[in-house]
There are 2 protein chains.
Amino acid sequence: MVSRTKTLNVELFNRLRDLLGPKKVSHSELDKVAYSKDMWPLGQLWTRSGEVKYKPDFVVWPETTEEVSRLVKTCNETGYPLIPYGAGSGVCGGAVPVDGGIVCDLKKMNRIDAVNDKSLLATVQTGIIGEHLERRLNHKGYTLGHFPSSIYSSTLGGYLATRSAGQLSTKYGKIEDMAVSLQVVLPDGEIVRTRTAPRSATGPNFNQLFLGSEGTLGIITKATLRIHPKPEKRVFQSYLFEGVEKGCRVIRKALQMGITPAVVRLYDKADTALSLEAIDFQQEIKGCLLILIHEGWPRRCELESEMVDRICKEESGKNIGQSPAKHWWKNRYAINYKQSLLLSSEKMIFDTVEVATTWTNLLNLHQSMKSALGDQLTVLAHFSHAYRDGCSIYFTIMGQSEDMPDTEFYHKIWQDALDACIKAGGTISHHHGVGILKAKWMERQLGSWMKVYAGIKKRLDPNNILNPHKMGLP
Amino acid sequence: MVSRTKTLNVELFNRLRDLLGPKKVSHSELDKVAYSKDMWPLGQLWTRSGEVKYKPDFVVWPETTEEVSRLVKTCNETGYPLIPYGAGSGVCGGAVPVDGGIVCDLKKMNRIDAVNDKSLLATVQTGIIGEHLERRLNHKGYTLGHFPSSIYSSTLGGYLATRSAGQLSTKYGKIEDMAVSLQVVLPDGEIVRTRTAPRSATGPNFNQLFLGSEGTLGIITKATLRIHPKPEKRVFQSYLFEGVEKGCRVIRKALQMGITPAVVRLYDKADTALSLEAIDFQQEIKGCLLILIHEGWPRRCELESEMVDRICKEESGKNIGQSPAKHWWKNRYAINYKQSLLLSSEKMIFDTVEVATTWTNLLNLHQSMKSALGDQLTVLAHFSHAYRDGCSIYFTIMGQSEDMPDTEFYHKIWQDALDACIKAGGTISHHHGVGILKAKWMERQLGSWMKVYAGIKKRLDPNNILNPHKMGLP
């Protein structure tokens with residue numbers, strides 16, 4: 001690493017300005033503060049205490065893949081880290097410039113290059129905001145089917161880099177199922193592109209090496225994505241169960257029959273109460289709420305919802321009609337904007353922990369993590385991404401400690417949560433990613449694969465330019 | 001590379017015998033000849049002319065992952081290559097010991113470790129023959145859903161190493177969709193295992209780096225696979241079309257509606273005639289045959305077959321009842337055993353070329369490759385693995401040249417075929433893999449990803465021990 005002196009900073013500024021033009025480079029204090037963090041709740045605690053922890057040296061806004069490539073080459077020559085940045089809604093600190101350097105905001109790269117009506121593919125630059133992409137596809141009669149709760153404040157590049165999963169993932173798949181081919185700027189500045197083919201047996205799948213690598217191996221600048229016709233119909237179902245066990249059994253049975261509801265969410269008792277309150281649902285509901293939404297062509301929706309109804313009856317679920325599911329659908333992004341409100345109260349901490357495991361191990365994982373956290377703060381949980389072989393659990397945790405400073409308590413809670421998760425055989429992230437937050441568990445999560453990952457990183461990025469100190473890498 | 005003298009051979013033999021026991025090591029001439037080739041048709045031409053081209057120095061039959069690990073370490077110490085070997089039914093020369101060394105037959109590693117009824121997962125050693133695995137799962141009420149036409153003479157390890165796709169892939173997915181976690185012996189002998197979770201957002205998917213790597217990056221010794229309940233019902237449909245265009249449109253429309261028949265195969269006119277003859281179907285059928293088989297629970301099969309019937313009518317398909325589809329189903333593996341018969345005639349060459357592309361480009365690719373080959377030999381084609389975004393084309397080619405020796409003609413045909421494929425934007429393999437046969441096109445297939453692949457190979461296997469000279473690698 002070249003030591004970054006003030007002189008060098010001036011030199012680099014001139015270089016960046018020559019490279020991108022004066023309007024696409026900033027070292028203003030305001031920009032540096034704005035790009036000093038993402039939506040990692042720990043960062044909110046820093047902000048609450050007036051601290052700005054990690055400022056970048058520069059913020060840049062490239063408009064083309066070639067500009068990104070030239071930026072990466074410049075960083076290799078000068079030793080400055082480059083941190084790819086989408087809309088900054090990550091919750092694990094993945095976009096935080098821990099070692100300064102250049103934050104590379106990709107949001108100007110927001111073009112849809114092509115929509116292929118016959119092969120149902122869209123080729124899109126990765127800086128586009130999720131909601132903009134979806135709306136523009138909707139105008140043409142399509143949907144991507146990717147609806148993370150951050151859709152208004154997150155980008156396609158962020159989805160790809162962190163292995164995002166949307167609220168309708170059970171029907172439409174996760175982002176890695178949608179990406180047919182990628183254009184990637186490698187750490188040496190080379191631009192590569194995977195082939196657009198429905199499937200190939202020509203060696204490793206290199207898309208899958210870059211998806212989820214959170215900017216450590218390359219910067220994804222373009223992707224060709226599978227799209228779908230907009231659904232003709234939507235069927236809403238809501239059921240109540242006494243405990244989560246039977247609700248989980250319904251989900252497992254339905255999925256293992258090959259039924260793929262667009263939405264399937266089961267809340268424990270506490271989460272049922274809080275979630276419905278957060279979306280202003282008026283009717284009082286006691287129990288564990290299961291909501292399902294089927295979408296697509298009418299007869300399939302009808303058949304699948306009928307089969308689900310039968311399974312719910314077998315498991316003593318009480319049909320409570322369409323309205324809770326419909327109400328959730330209408331307000332499905334609202335709950336995410338309550339976080340700042342919660343954190344405005346001093347000492348309060350708040351976060352979400354999303355883990356996953358097999359069906360066999362699911363209730364054990366649920367119980368283990370609840371036990372590890374339940375005495376220390378409020379723990380709510382729902383089950384919201386289901387598979388034939390298992391399911392995710394999404395814990396919402398909030399509370400405060402009288403004995404510890406907030407940041408210390410925050411670290412302790414995560415330590416207890418992920419230690420319990422790993423001990424119970426869960427995966428430490430289902431769809432939020434790793435960033436800084438979960439970096440120290442990566443070796444236990446991946447075992448010896450971590451060495452493979454580090455070896456590949458070393459080979460592709462010998463100067464450690466791309467998003468250093470993340471993911472358990474140096 | 002250590003030069004392999006006779007003395008060293010004796011030393012290595014003693015080491016291998018100490019390591020595995022005397023019954024699991026051979027350097028007999030008979031074994032060396034038997035393991036000198038796989039089912040690559042070029043190898044059949046060598047055999048026809050009495051040539052044994054590439055003999056290994058040793059054949060070994062390890063029984064545990066630890067033994068495989070020790071073998072790999074021994075190879076690193078001595079410089080002998082190690083070639084993982086399943087049942088030798090590969091058709092691209094992927095298991096041919098081009099530089100001698102140790103052929104490592106994994107078929108003694110054929111245990112099913114566990115079947116999980118709740119999560120629908122089976123953990124299996126990779127040396128098991130596909131048909132044995134399927135039969136043993138059937139006894140417990142399950143199916144893997146993986147039915148390559150080589151199922152009687154291929155192993156799970158072979159499927160994983162080459163990214164195999166079975167005849168029912170449209171419903172059950174390809175092998176990479178089935179593998180939840182892998183145990184892999186790395187080129188330095190380290191044993192690693194990916195985590196069994198339905199999904200994780202914790203960095204790259206390392207399964208996907210080893211799937212399809214054809215033994216160049218590691219030896220997969222165990223896998224946890226998704227399994228399915230045996231289907232309750234099967235519905236058979238057969239239609240005739242005047243040309244392949246309308247048949248392709250039926251498949252595309254059905255797939256893009258989310259219909260997933262277990263089998264969907266469309267034959268061009270010549271392939272319709274030959275395929276039906278090869279399975280002794282008595283009735284004469286003129287046109288392009290489309291067969292579909294739906295399986296699963298009854299009401300879903302009924303709904304999906306009804307929708308397909310409607311689409312076929314829209315595209316002027318003639319419903320010709322169940323019997324061609326049923327007859328194909330009963331004889332679905334028979335056609336593969338006709339190959340040796342064909343090759344018994346002097347000068348005759350025979351092979352299959354399986355490519356894929358998007359729907360938009362499908363008929364262009366079909367036409368381009370037919371044009372490149374059609375004047376030189378007989379070319380049949382069918383479309384047999386369909387996706388929402390595209391489809392594979394499976395060409396069967398046979399013929400002879402009066403002017404050229406058979407092996408020279410063989411190479412010329414492949415040159416013409418894959419040059420045409422790449423020029424027309426296709427992928428050079430849908431599911432047979434690369435091996436030696438397609439190695440020289442890998443740089444054009446992968447572009448700069450080939451450098452990434454070579455870099456990873458160099459990092460993980462600095463002594464180039466594992467299956468050298470394959471896949472376009474050194």
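Residues numbered from 1 in each chain as written. Chains lettered and ligands numbered in written order. Predicted model: local features only at pLDDT ≥ 70, side-chain atom pairs only at ≥ 80, totals over all residues. Heavy atoms only, no water.

*Asks:* Just give me the short version of the sheet that holds strand β16 (residues 349-358) of chain A, but keep the residues and values in it.
*Replies:* Residues and elements named next belong to chain A. Reading across from one edge, β15-β12-β14-β13-β17-β18-β16 is the order of the seven strands in this open sheet, with antiparallel pairing throughout. Every other strand in the sheet has two partners, leaving β15 (318-319) and β16 as the edge strands with one partner each. The pairing of strand β17 (residues 378-383) with strand β18 (residues 390-399) spans five bridges and is classified as antiparallel. Note that in β18 the partner of H382 across the bridge is Y394. In the packing of helix α10 (residues 244-256) onto the sheet, contacts are made with β12 (233-241), β13 (263-267), β14 (288-296) and β17, and the angle to β13 comes to roughly 165°. Across the sheet, helix α11 (residues 269-278) lies against β13, β14, β17 and β18, angled at about 90° from β17, the strand it touches most. (Pairing = 2+ DSSP bridges. Helix = DSSP H or I, 4+ residues; strand = E, 2+ residues; numbered from the N terminus. Contact = heavy atoms within 4.5 Å. Axes fitted to C-alpha atoms, helices over the stretch in contact; angles between N-to-C directions.)

*Asks:* An account of the pairing of strand β13 (residues 263-267) of chain B is needed here, citing residue identities and associated values.
*Replies:* Residue and element names in this part refer to chain B. Within β13, five of the five residues are buried, which leaves the element mostly enclosed by the surrounding structure. Burial of the side chains of β13 extends over both faces: V263, R265 and Y267 are buried on one face and V264 and L266 on the other. Relative to strand β14 (residues 288-296), β13 runs antiparallel, the two sharing four bridges. Within β14, the residue paired with V263 across the bridge is I293. Note that β13 and strand β17 (residues 378-383) share two bridges and pair antiparallel. Residue pairing in the sheet places L266 in a bridge with F383 of β17. (Buried < 20%, exposed > 50% of the residue type's maximum accessible area, 1.4 Å probe, protein only.)

*Asks:* Explain the interface of chain A and chain B residue by residue, including any values.
*Replies:* Contacts between the two partners involve 90 residues from chain A and, on the opposite side, 90 residues from chain B. Carbon and sulfur atoms supply 58% of the area buried between chain A and chain B, which totals about 7,200 Å² over both sides. Of all residues in chain A, A:R195, A:R199 and A:W449 bury the most surface against chain B, accounting for 13% of the area lost on that side. A salt bridge links B:E304 to A:R300, with the nearest nitrogen and oxygen atoms 3.5 Å apart. Here chain A and chain B share 47 residue pairs in polar contact (both at pLDDT 80 or more) between them. Here the side of chain A that touches chain B takes nine residues from helix α18 (residues 449-460) of chain A, the largest share from any one element. Residues of the side of chain A that touches chain B, tallied by class, amount to 38 nonpolar, 31 polar and 21 charged. (Buried area = accessible area lost by both parts, 1.4 Å probe. Salt bridge = Lys/Arg side-chain N within 4 Å of Asp/Glu carboxyl O. Polar contact = N/O pair within 3.5 Å; in protein donor to acceptor, adjacent residues only side chain to side chain. Nonpolar A, V, L, I, M, F, W, Y, C, P; charged D, E, K, R; others polar.)

*Asks:* Give a detailed account of the relation of the copies chain A and chain B, specifying residues and quantitative values.
*Replies:* For the match of chain A to chain B, the screw axis carries a shift of 0.0 Å, the RMSD comes to 0.0 Å, and the turn is 180°. What we have between these two chains is a two-fold relation. Both copies contact each other with a shared surface, as 100% of the interface residues of chain A are interface residues in chain B too. (Least-squares fit on C-alpha atoms with pLDDT ≥ 70 in both.)

*Asks:* Lay out the sheet that holds strand β6 (residues 121-125) of chain B in plain terms, naming residues and giving numbers.
*Replies:* All names here are of chain B. Spatial strand order, β5-β6-β10-β8-β9: five strands in an open sheet with antiparallel pairing. Strands with a single pairing partner mark the edges of an open sheet, and in this sheet they are β5 (112-116) and β9 (191-193). Looking at each pair of strands side by side, their axes are set apart by 10° on average, direction ignored. Where strand β8 (residues 179-185) lies against β9, three bridges are found, and the strand directions are antiparallel. Bridge pairing in β9 places V184 opposite V192.

*Asks:* How would you explain the nonpolar core if you had to name every residue and give the values?
*Replies:* Counting 124 residues, the largest nonpolar core has A:L290, A:M369, B:L290 and B:M369 as its most contacted members. Sequence-distant contacts of B:L290, defined by excluding residues within four places in its chain, comprise B:Q237, B:S238, B:Y239, B:F241, B:V250, B:I251, B:V264, B:R265, B:L266 and B:C312. Counting 120 residues, the second-largest nonpolar core is a separate cluster that includes A:L144, A:I227, A:L460 and B:L156. (Core = buried A, V, L, I, M, F, W, Y, C linked by side-chain atoms within 4.5 Å.)

*Asks:* Can you break down the packing of aromatic side chains residue by residue, with the values?
*Replies:* All names here are of chain B. Tallying each qualifying case throughout the model produces 20 aromatic pairs over all chains. Ring geometry for Y35 versus W61: centroids 6.0 Å apart, planes at 80°, classification edge-to-face. Here the residue Y35 occupies a position in the loop between α2 (29-34) and α3 (41-48), and W61 occupies one in the loop between β2 (58-60) and α4 (65-78), the gap between them amounting to 26 residues. What makes Y35 buried here is its relative accessible area of 12%. (Phe/Tyr/Trp six-rings, centres within 6.5 Å; stacked < 30°, edge-to-face > 60°.)

*Asks:* Hey, could you go over the pattern of salt bridges for me, with residue numbers and the actual values?
*Replies:* Residue and element names in this part refer to chain A. All chains considered together, the criterion is met by 58 salt bridges over all chains. Salt-bridge contacts for R163 lead to E176; the nearest nitrogen and oxygen are separated by 3.9 Å. Placement of R163 in the loop between α6 (156-162) and α7 (169-172) and of E176 in helix α8 (residues 175-178) is noted, with a sequence separation of 13 residues between them. E176 matches R163 in its accessibility class, with the two residues each being buried. One connected set of salt bridges, linked through shared partners, spans R249, K253, E314 and E315.

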